[in-house]
Amino acid sequence: MLKAEPFDLDVLVIGGGGAGAMAALWAAKEVPRVGLAEKGVFGKSGCTSMGAFSICAAFGYADPADNSRKHLEDTIKGGQFLNDQELVDLYTREAPERIQELISYGARFDMENGRLKQVMMPGHSFPRACHYDRRTGPMIMGTLARKLKKTPSIRRFAEVMVVDLLLQPEGPHYAVGIRWADSSFIIFRAKAIVVTTGGGAQIYKNNTTSLDNTGDGISLMFQAGVELSDMEFVQFYPTTVCSPKLPGLGPTATAFLRIRTGARLYNALGEDFMDKKMPGWRFRATRDLLSQAIYKEIIEGRGTPKGGVYMDITHLPPEKIEKEYAIGSYYKKLLQVGVDISKRPIETKVSAHFFMGGARVNARGETNVPGLYAGGEATAGYHGANRLGGNALSEILVSGSRAGKFAALRAKAVSEEGKGEEALEGRLEALKERIARWRARAGGLRPVEGKKRVQDLMWEKAGVVRQGSKMREGLDSLRALKEEAERSLMICPERRYNRELFDAFEFFHMIRVSSLILLAALTREESRGAHYREDFPLPDNARWLVNILLKRSEDEGVKARTEKVKLTHLSPEK
Amino acid sequence: MKEQNMSIVRILRLDPDKNPSPYFQEFIIPFERESTILDSLYYIYWHLDGSLAFRGSCFAGGWCNVCTLKVNGKVLLPCKHFMQKEMVIEPLPGYPVLRDLIVDLSPSRQKKLKPQE
């Protein structure tokens, strides 16, 4: 089994969401042998299809005064000046082109006067959110999946989890995958690899992401020597579904109430706490500020019994509610699950939503390892310390396409095959032994139990509001959990569609990514964007206008360094 | 726990490595008003049988659609419907069954993936 011939590819893309699809499509314009490996069902994995509403780009249709420079300013201010400004410049300039590209593939958007309809999103100074009903993400992913199907040079490997990368600065890169169908290994040999595996918000017990969003790619890249940046910045989504559950409307469905008309937010004592903190917050408060405010209400004992706060639009006239929420049949869909928002408040909570951190890449999407590229949420730099709503879906199109294109250009320029097979054999043997150990144990820690423990621990020790002493406890607990897992992790022996096999690898990725987040968060002794520390509650531009970069050290530890942000396009106001 | 707070779940299982014929297996799990059918499968996977094979990605009610199944005779999205006191769960009809609730969803077969709501 291990002696299987590798699939020889020019470019291998790992991760089948929007960024991965774009990377594969752009690579296929340049080279004939492109592979796309994804953990889930073809066209269905990842979080792109969960993007409910907005995709932002400065078309200037709703207001001609909008342009890419304004979009850049908003994105950098929202990111509290930690963004890589060169990347933001590229992103904001190319976002409209990439949306046009989607339209050329058959994407549909809501229109107004013959042009894309654009609406306001918090943190943006102009209405620039395009949308398609409340199904923008599924529409985009469906469009990309259809386009991929029509591109025969892209070979797709669905339900394959890549579990190891062997990167060779001089030679071809190898990726080792496991097929979910029968647990067999699949080897890829590629002149360039693009990682588009998304973030890892599943490390938190409350999260809005798909179950496969476990930080695999970030973890694999780190292990393979890629430098990561901004790992301390995890965006928490302030107003997610808590109670009642709203199946079918998506985890962030409740946010629509706040964004569309502005809702009242109040605690169990009936206090409108946001109005007190920030008058006129409705279109000004970014996700980080809202999350911290809501989290504080909850941890200081003023939350609802189910662990949220109330969100309420009952003060609005019922006709207005019906009219405003006719979009996407939102009002009707809520009625169908038994909730009349014109009559009652709903409970809403804070959930982990997005990783601003990831692989450090340049404008070509290239990491510090030659031939290894990254795009989408697995990268750092585009969103700085906090991402604006609507910027994810457009960013992944830009960063994915760039990574795919430049990976392909590199693949064209290098011609080497076959080197490094001995090293690969060693890796395969080690992997095989590891899995055999998990399978052989009759009792011990189950992967899903381990994952749950990471989630609880991270929520408590590195959640919305952080503190040095708690985070150090968190690191100790993760270390102990990893030791326990190495000693006692067990999985069931089934060969076909064994969930526990994938869960086991995900569990180890979650531990590694969580540890890196804690390390970065401990290093940053200030509060900025999504990173809020009670022991350092204020931002400190004099000292901390830097990115924290993490890289694997020779002795399997972590080397942290800081690098000053280059303020090439915009500087903070004095 | 009182009996009325439990749910009886019968799942059609198959592992071609062991036996070429499918069979029903019964699980009894706590009934939670606000849990979905997909939550029930995950509960069984976690607490009762780690070998249960099923798909589920978004867990959010009809965004990825990979969990589509037949429950009590009706094809539906188990992430979009609340669990019931008695459930008979079978793989999505019309597709080759590969194991338990997993059917062949390769791209050429995906066309029909539209639940009856």
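Let us look at the structure shown here. (Residues numbered from 1 in each chain as written. Chains lettered and ligands numbered in written order. Predicted model: local features only at pLDDT ≥ 70, side-chain atom pairs only at ≥ 80, totals over all residues.)

Check the secondary structure of chain A and you find 16 helices and 21 strands. What you see for chain A is a C-alpha radius of gyration of 23 Å, in line with the 25 Å of a compact globule of 574 residues. Oriented by its inertia axes, the alpha-carbon framework of chain A measures out at about 70 × 55 × 50 Å. Partitioning the intrachain contacts of chain A with sequence separation of at least 6 by distance along the chain shows that 75% fall at a separation of at least 24. (Helix = DSSP H or I, 4+ residues; strand = E, 2+ residues; numbered from the N terminus. Rg over C-alpha atoms; globule rule 2.2 N^0.38 Å. Contact = placed C-beta atoms within 7 Å.)

A separate point is the sheet that holds strand E2 (residues 19–30) of chain B. Strand pairing in a sheet is mediated by backbone hydrogen bonds. Such pairs are either parallel or antiparallel. All names here are of chain B. An order of E2-E1-E5-E3-E4 is seen for the five strands of this open sheet, with the pairing classed as mixed. The open sheet has two edge strands, E2 and strand E4 (74–76), and neither has a second partner. In this sheet, adjacent strand axes meet at a mean angle of 30 degrees when their direction is disregarded. Pairing of strand E3 (residues 69–71) with E4 involves three bridges; the strand directions are antiparallel. Within E4, the residue paired with Lys70 across the bridge is Val75. Docked against the sheet, helix H1 (residues 37–48) engages strand E1 (6–15), E2, E3 and strand E5 (86–90), running at close to 95 degrees with respect to E2. (Pairing = 2+ DSSP bridges. Axes fitted to C-alpha atoms, helices over the stretch in contact; angles between N-to-C directions.)

Turning our eyes to something else, we now look at the pairing of E5(B). Residues and elements named next belong to chain B. Side chains Met87 and Ile89 of E5 all project onto a buried face; the interleaved residues Glu86, Val88 and Glu90 project onto a face where none is buried. As defined by bridge partners, E1 adjoins E5 across four bridges and the pair is classed as parallel. Bridge assignment links Arg10 to a residue of E5, and that residue is Val88. By the bridge criterion, two bridges tie E3 to E5 in an arrangement that is antiparallel. Of the residues in E5, the one forming a bridge with Val71 is Ile89. (Buried ≥ 20, exposed ≤ 12 C-beta atoms within 10 Å, placed from the backbone.)

This brings us to helix H4 (residues 136–149) of chain A. Residue and element names in this part refer to chain A. With 14 residues, H4 should reach 20 Å at 1.5 Å per residue; the first-to-last C-alpha distance of 20 Å fits that figure. Where burial is concerned, most of H4 is hidden: ten out of the 14 residues are buried. Where H4 is concerned, the buried positions are Thr136, Gly137, Pro138, Met139, Ile140, Met141, Thr143, Leu144, Lys147 and Leu148. Where H4 is buried, its residues meet helix H1 (18–28), strand E3 (55–56), helix H3 (85–104), strand E7 (154–157) and helix H11 (391–413). (Expected span 1.5 Å × (residues − 1).)

Attention now moves to the nonpolar core. Looking at soluble globular proteins, one finds that nonpolar side chains tend to be buried together. Residue and element names in this part refer to chain A. If you look at the biggest cluster of nonpolar residues, it comprises 209 residues, and the most contacted ones within it are Val11, Ala24, Ala27 and Val194. Per-element accounting of this core gives the leading share, 14 residues, to helix H15 (residues 499–523). Setting aside residues up to four positions removed in sequence, Val11 forms contacts with Ala27, Val31, Val34, Ala190, Ala192, Val194, Gly404, Ala407, Ala408 and Ala411. (Core = buried A, V, L, I, M, F, W, Y, C linked by C-beta atoms within 7 Å.)

All names here are of chain A. Pairing in this open sheet of four strands is antiparallel, and the strands run E16-E11-E20-E21 from one edge to the other. Pairing within the sheet leaves two strands with one partner each, and these edge strands are strand E16 (358–359) and strand E21 (558–564). When strand E11 (residues 228–229) meets E16, the two strands line up antiparallel, connected through two bridges. Bridge assignment links Ser229 to a residue of E16, and that residue is Gly358. Its contacts with the sheet place H15 against E11, strand E20 (546–552) and E21, and it is angled at close to 140 degrees to E20.

Okay, the pairing of strand E12 (residues 234–243) of chain A next. All names here are of chain A. Most of E12 sits out of view: nine of its ten residues are buried. The pairing of E12 with strand E15 (residues 346–355) spans seven bridges and is antiparallel. Within the sheet, the bridge partner assigned to Val234 lies in E15 and is Phe355.

To continue, consider the interface of chain B and chain A. Facing the 29 residues of chain B at the interface are 29 residues of chain A. Broken down by secondary-structure element, the contributors of at least two residues to the side of chain B that touches chain A are H1 and strand E6 (97–99) of chain B. For the side of chain B that touches chain A, the residue count by class is 14 nonpolar, nine polar and six charged. (Nonpolar A, V, L, I, M, F, W, Y, C, P; charged D, E, K, R; others polar.)

Attention shifts here to the packing of H1(A) against H11(A). Residues and elements named next belong to chain A. With their axes 7 Å apart at the nearest point, H1 and H11 run at an angle of 35 degrees to one another. For the pair H1 and H11, the sense of crossing is right-handed. Contacts from Gly18, Ala19, Gly20, Met22, Ala23, Ala24, Leu25, Trp26 and Ala27 of H1 reach H11 at Leu393, Ile396, Leu397, Ser399, Gly400, Ser401, Ala403, Gly404, Lys405, Ala407 and Ala408. Grouping the amino acids of the contact of H1 with H11 by side-chain chemistry returns 13 nonpolar, six polar and one charged. (Left-handed = near helix turned anticlockwise from the far one by under 90°.)

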